[in-house]
Every structure is written in C-alpha cells, then in structure tokens.
Amino acid sequence: MSHETSQGTISASDLNAELIETPKGSIKIYPRCGPGSFSGLKLDVGIGNFSHYSSIIQKLEVFEKVASAKDGRVALALKEENSVVGYLACWYPDGAERWSKLGELMYEMGAVEVSRNFRHVNVAQKMISLILADDFFEDKIAYMNGFSWHWDLDGSGLNMAEYRKMMMHLLKGHGFQEYYTNEPNIALREENIFMARIGSRVSAEQQQRFRNLRFGIVDRD
Amino acid sequence: MLEGYPKEIMSKDGTPILLRPLALEDEQRLSEFFARIPEDERWFLRDNVADPAVMHLWIKNVDYDRILPLVAVRQEDNTIIANVRLHRRPSECLHHIAHLRIMVDPAYRHQRLGTWMLLDTIRLAMSVGIEKLVAEFIVGVEDAAMNAAHKLDFFEEAVLKDYVKDRQGRYRDLIIMVKTLHRDWSDF
C-alpha cells in the first residue's frame with residue numbers, strides 16, 4: 001500500500017490524506033502512517049529543542065516505533081511532501097501507567113505538536129479530526145494528558161491559564177471533555193488537565209470502571 | 001465561564017459526587033445544608049443563612065459577575081454536601097483578586113471533598129483570569145480547611161490577632177491565606 005513521493009515513502013492511509021490550504025502554503029495531513037513510512041522525511045526546524053521548550057518527539061525513529069506497536073497510530077502533517085510540520089502519535093498506555101488497568105479500553109493521544117512555524121493554521125485540529133474519524137475510536141476511551149511542563153508557552157505567547165484553555169477548546173470540538181482524577185502526574189500541578197473522549201460503543205459498565213479508576217479504584221473484571 | 005459542569009468526583013470512601021454551579025432551584029437544598037453546619041461555625045458567616053428569608057433573597061440575587069457559587073452534591077439524590085463561593089470585586093484595581101469561602105457538611109469531612117472543591121475553584125479562578133486567591137480562616141474552627149489550602153499552596157500572609165469573636169464571646173485569630181496563580185514557569 002505504500003507509494004513513493006518525490007522525497008520519501010508514505011504508506012497505507014494515503015487515500016484518506018487531506019490537503020489543506022493555509023496562509024503558509026499547502027499542507028497534506030496523513031491520518032495514519034504505517035511502519036516503514038518515515039524514511040526520507042525530515043522534521044521542520046520548528047520542531048526540536050528551544051530555550052524553554054523541547055518537542056516530545058524529536059527523532060523519526062520514534063514514529064516508526066509507535067506505528068509498529070499494536071494499534072499504534074501516527075498522523076503526520078507534511079509540507080512539500082517530506083517536511084514534517086506536525087504530528088499526532090497515539091498508543092495504548094504503558095503497563096506502568098494507571099490507565100493500563102483497563103486493558104485496551106484506554107487509548108492515549110500521546111503526543112501532538114505543530115511546528116512553531118506552522119501554528120494557528122488549524123493543523124492540529126485537522127490531524128485530530130482525521131485520526132478520530134476511524135471507527136476504532138468508538139470502542140475506546142481516548143484520552144490526553146495535558147502536563148504544563150510540556151507546554152510551549154514562549155512559542156505560543158500564552159500563559160498557563162490561556163494555554164490550558166486553548167487545549168480544552170481544541171479537544172472539546174472533538175468530543176473530549178475534562179475529567180477530574182487523582183492520577184499523581186495530573187494532580188502534581190493544578191493547571192494540568194486530563195481530557196477524554198468516550199467512544200459511542202463504550203458500555204455503561206466500562207464507563208463506571210473508568211470513573212472508579214480516575215480516583216484510583218481498580219475494579220475486577 | 002461555568003462551562004464543563006457538572007464535574008464528577010469521588011470521595012475517599014467512594015461516594016459519587018458532582019460539582020456544579022448553584023442553581024435557583026437549590027434554595028431548599030442549600031437551606032438544609034446550612035442547617036447541618038454546627039451553629040458554632042455558622043456564627044462566623046456574614047449572612048444569617050439560617051433565616052429562610054435571607055437565604056431566599058441571597059440566592060435570588062446572586063450576581064455571577066461578582067460571585068461564583070459552586071456546590072458539591074451527592075449524585076444519588078442531589079443533596080448539597082459542600083459549598084464554595086468565589087467573590088470578585090468590581091473595581092479594576094482588585095479585579096484580578098478573588099476571595100473564597102468554603103464549607104463542608106460535617107458528615108463529609110475528612111473525605112477530600114474540600115480539597116476537590118478548592119482545586120476546582122482554583123481552576124475556575126484560573127479560567128476567568130484571577131491572579132490571586134484569598135481565603136480567610138478562623139483559627140481553631142477551620143483548621144482542616146486551612147491545612148487543605150496549605151497543601152494547595154496557599155500561604156499565610158497575615159494574622160489578625162483576636163479579630164473575631166465566637167459564640168461564647170472569646171476572641172479568635174483570623175488567618176489570611178493567599179495563593180498566587182502563576183502564569184508561567186520560573187526560569188530557574
């Protein structure tokens with residue numbers, strides 16, 4: 001299913017790719033890039049290490065690892081076919097994390113970032129929307145941890161409260177809502193935020209287990 | 001401003017609880033809540049909430065630009081079990097500051113309910129652009145609330161010695177605690 005672009009290889013979900021026109025040029029969003037898709041790509045210079053901010057993912061090999069894991073998903077926003085200007089990487093929670101106690105019900109929208117050079121043109125919005133269009137998510141509780149220590153306050157020009165609001169606004173439009181939890185990493189800072197989207201086929205019993213787990217109560221199967 | 005409510009929480013003993021804004025139709029429930037607060041504590045409130053007429057007027061005239069009242073209710077029957085109010089001043093010079101006042105039903109104390117309400121109030125304050133939160137506590141009466149506030153980074157800014165009188169006519173200290181809602185991380 002893969003095909004060659006002039007610069008690299010993108011596979012599988014190309015047919016679902018969408019081209020968006022932005023004031024910064026055309027950007028193509030690939031909702032699911034499979035293993036082997038990442039050779040020949042490069043990260044835009046607005047993704048990387050800055051004085052007060054470091055990108056969560058800085059190496060293409062990480063995308064390969066995520067895409068190769070069970071149900072791993074990597075959405076990419078590409079400029080000129082090979083320059084990664086945004087990414088969204090999703091995975092099942094690590095076994096050491098609280099959310100893994102619900103098996104494969106919980107699914108983490110683990111890392112989302114848009115290059116400093118391509119913000120405010122709806123790239124993140126589009127990546128989230130395309131990735132969630134997959135029916136897979138209707139059986140899942142997709143969640144995202146917002147840890148303030150990962151936020152690019154300098155690059156965005158926002159303060160913590162504004163960044164938190166922006167993140168809530170971004171995800172609310174896709175069916176996510178804020179949930180309170182005593183999960184220690186979230187509880188570490190009051191501006192941290194935990195948001196989740198409950199798929200349409202998630203049962204009432206599963207939702208109850210999710211509620212209990214948010215407060216550290218683990219139900220038996 | 002008050003979007004995203006109700007919010008689900010759970011007390012330490014696993015009771016499902018909802019946090020939500022106070023509504024007009026809560027008048028009776030709020031009266032019942034204050035009736036369960038010991039008289040020795042109600043004594044320190046600015047309004048005589050035990051008087052139904054006072055309560056009626058208060059709830060009818062809540063000005064959401066100045067007061068954000070939130071309640072914690074038991075999910076099973078909507079009984080109010082805690083109440084927190086965030087007061088803002090209209091003047092420009094104090095608009096970045098809010099005062100909070102919290103009360104928890106005695107039957108639900110030591111269940112982290114107050115802590116969740118404080119945390120929710122902090123997040124609400126953050127979302128409306130508040131920069132400093134001020135809370136007043138009476139020493140020897142509200143020590144548990146003071147302790148919870150301290151754990152959420154409220155710091156003691158002033159002690160007004162022998163400032164208020166309790167029901168028995170004894171003077172008690174009033175502690176003013178302040179929490180700064182930081183806007184960014186330090187560069188250290």
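Higher on the page you've got the structure.
The following refers to the structure shown. (Residues numbered from 1 in each chain as written. Chains lettered and ligands numbered in written order. Predicted model: local features only at pLDDT ≥ 70, side-chain atom pairs only at ≥ 80, totals over all residues. Heavy atoms only, no water.)

What to know about the overall build of chain A
- Along chain A, the regular secondary structure elements total 6 helices and 13 strands.
- A compact globule built from 221 residues should have a C-alpha radius of gyration of about 17 Å, and chain A, at 17 Å, falls within 12% of that.
- By its C-alpha atoms, chain A is 50 × 40 × 30 Å across when sized along the principal axes.
- Looking at chain A residue by residue over its 221 residues, the buried ones come to 55%.
- Within the structure as shown, chain A displays about 9,800 Å² of accessible surface, and the carbon and sulfur contribution to it stands at 49%.
- Each charge class in chain A can be summarised by its mean position, and for the 25 positive and 29 negative side chains these summaries are 4 Å apart. (Helix = DSSP H or I, 4+ residues; strand = E, 2+ residues; numbered from the N terminus. Rg over C-alpha atoms; globule rule 2.2 N^0.38 Å. Buried < 20%, exposed > 50% of the residue type's maximum accessible area, 1.4 Å probe, protein only. Areas by Shrake-Rupley, 256 points an atom, 1.4 Å probe, with all protein chains shown as cover. Lys, Arg positive; Asp, Glu negative; His and termini not counted. Charge placed at Lys NZ, Arg CZ, Asp CG, Glu CD.)

Considerations on the sheet that holds strand β4 (residues 80-88) of chain B
All names here are of chain B.
- Strand order in the open sheet made by the 8 strands is β1-β2-β3-β4-β5-β6-β8-β7, with mixed pairing throughout. Since the sheet does not close on itself, it has two edges, and those belong to β1 (7-10) and β7 (155-165), each with one partner. The mean inter-strand angle of the sheet, taken between neighbouring strand axes irrespective of direction, is 25°.
- As judged from the 4 bridges shared by strand β5 (residues 97-104) and strand β6 (residues 132-138), these two strands associate in the parallel manner. Bridge assignment links Ile97 to a residue of β6, and that residue is Lys132. (Pairing = 2+ DSSP bridges. Axes fitted to C-alpha atoms, helices over the stretch in contact; angles between N-to-C directions.)

Let's talk about the pairing of strand β4 (residues 25-30) of chain A
All names here are of chain A.
- The sheet contact formed by strand β3 (residues 18-22) and β4 spans 5 bridges and is antiparallel. Bridging across to β4, Ile20 finds its partner in Ile27.
- With antiparallel pairing between neighbouring strands as the criterion, β3 and β4 make up a hairpin whose turn holds 2 residues.

Overview of the layout of surface pockets
Residue and element names in this part refer to chain A.
- Empty space within the largest pocket amounts to approximately 1,000 Å³.
- Looking at the largest pocket, it is lined by 37 residues, and the ones nearest its centre are Val112, Glu113, Tyr163, Met167 and Leu170.
- Elements with a contribution of two residues or more to the lining of the largest pocket: β10 (106-114), α2 (123-132), β11 (141-146) and α4 (160-172).
- If you tally residues by element for the lining of the largest pocket, the top one is β10, at 7 residues.
- Tallied by class, the residues present in the lining of the largest pocket amount to 20 nonpolar, 10 polar and 7 charged. (1 Å grid on protein atoms, 1.4 Å probe; cavity = no way out; pocket = protein on both sides within 12 Å on 5 of 7 lines; lining within 4 Å. Points joined across faces, edges and corners; volume = space filled by probe spheres on them. Nonpolar A, V, L, I, M, F, W, Y, C, P; charged D, E, K, R; others polar.)

Overview of the interface of chain A and chain B
- On the side of chain B, 26 residues touch chain A, which itself brings 24 residues to the contact.
- Summed over both sides, the interface of chain A with chain B buries roughly 2,200 Å², with 56% coming from carbon and sulfur.
- Among the residues chain A hides against chain B, the three largest losses belong to A:Tyr180, A:Glu190 and A:Arg211. Together they make up 37% of the total.
- Counting the contacts that link chain A with chain B gives 6 salt bridges.
- Residues B:Glu8 and A:Arg211 are paired through a salt bridge, measuring 3.8 Å at the closest nitrogen-oxygen approach.
- Contributing elements (two or more residues each) for the side of chain A that touches chain B: α4 and α6 (204-214) of chain A.
- A class-by-class count of the residues in the side of chain A that touches chain B yields 8 nonpolar, 7 polar and 9 charged. (Contact = heavy atoms within 4.5 Å. Buried area = accessible area lost by both parts, 1.4 Å probe. Salt bridge = Lys/Arg side-chain N within 4 Å of Asp/Glu carboxyl O.)

A word on α2(A)
- For α2(A), a buried count of 7 out of 10 residues is recorded, marking the element as mostly surrounded by other parts of the structure.
- Buried within α2(A) are the following residues: A:Val123, A:Ala124, A:Met127, A:Ile128, A:Leu130, A:Ile131 and A:Leu132.

A few points about the environment of B:Asp173
All names here are of chain B.
- Its place among the elements puts Asp173 in strand β8 (residues 171-180).
- Classification of Asp173 by relative accessible area gives buried; the value is 16%.
- As for Asp173 and Val139, which are separated by 34 residues in sequence, their C-alpha atoms are 5.6 Å apart.
- At a separation of 3.2 Å, a polar atom in the side chain of Asp173 contacts the side chain of Lys161. (Polar contact = N/O pair within 3.5 Å; in protein donor to acceptor, adjacent residues only side chain to side chain.)

Considerations on the pattern of salt bridges
- Counted according to the given criterion, the structure contains 31 salt bridges over all chains.
- A:Arg201 is the partner of A:Asp139 in a salt bridge, and the nearest nitrogen-oxygen pair spans 3.0 Å. Taken together, the positions of A:Asp139 in the loop between α2 and β11 and A:Arg201 in the loop between β13 (193-198) and α6 put the pair 62 residues apart, joining distant regions of the chain.
- Members of the salt-bridge network, linked through shared partners, are A:Arg164, A:Glu178, B:Lys7, B:Asp120 and B:Arg123.

A closer look at the pairing of strand β3 (residues 67-74) of chain B
Residue and element names in this part refer to chain B.
- Of all the 8 residues making up β3, 8 are buried; the element is thus mostly covered by neighbouring parts of the structure.
- Side-chain alternation along β3 places Ile67, Pro69, Val71 and Val73 on one buried face and Leu68, Leu70, Ala72 and Arg74 on a second face that is also buried.
- Bridge count between strand β2 (residues 16-21) and β3: 5 bridges; the pairing is antiparallel. What sits directly across from Pro21, in β3, is Leu70.
- Bridge analysis of β3 against β4 gives 7 bridges, and the strand direction is antiparallel. What sits directly across from Leu70, in β4, is Val84.
- A loop of 5 residues connects β3 with β4, the two strands running antiparallel in sequence, and Asn78 in this loop sits at a positive phi of about 65°.

Looking at the side chain of A:Thr181
- Within the secondary structure layout, A:Thr181 lies in the loop between β12 (177-178) and α5 (184-187).
- A relative accessible area of 4% means that A:Thr181 is categorised as buried.
- In this structure the side chain of A:Thr181 is engaged in a polar contact, spanning 2.9 Å, whose partner is the backbone nitrogen of A:Glu183.
- Here A:Arg214 takes part through its backbone oxygen, which lies 2.7 Å from a polar atom of the side chain of A:Thr181.
- Not counting chain neighbours up to four residues away, the residues in contact with A:Thr181 comprise A:Arg98, A:Trp99, A:Ile186, A:Phe194, A:Arg214, A:Phe215 and B:Trp116.

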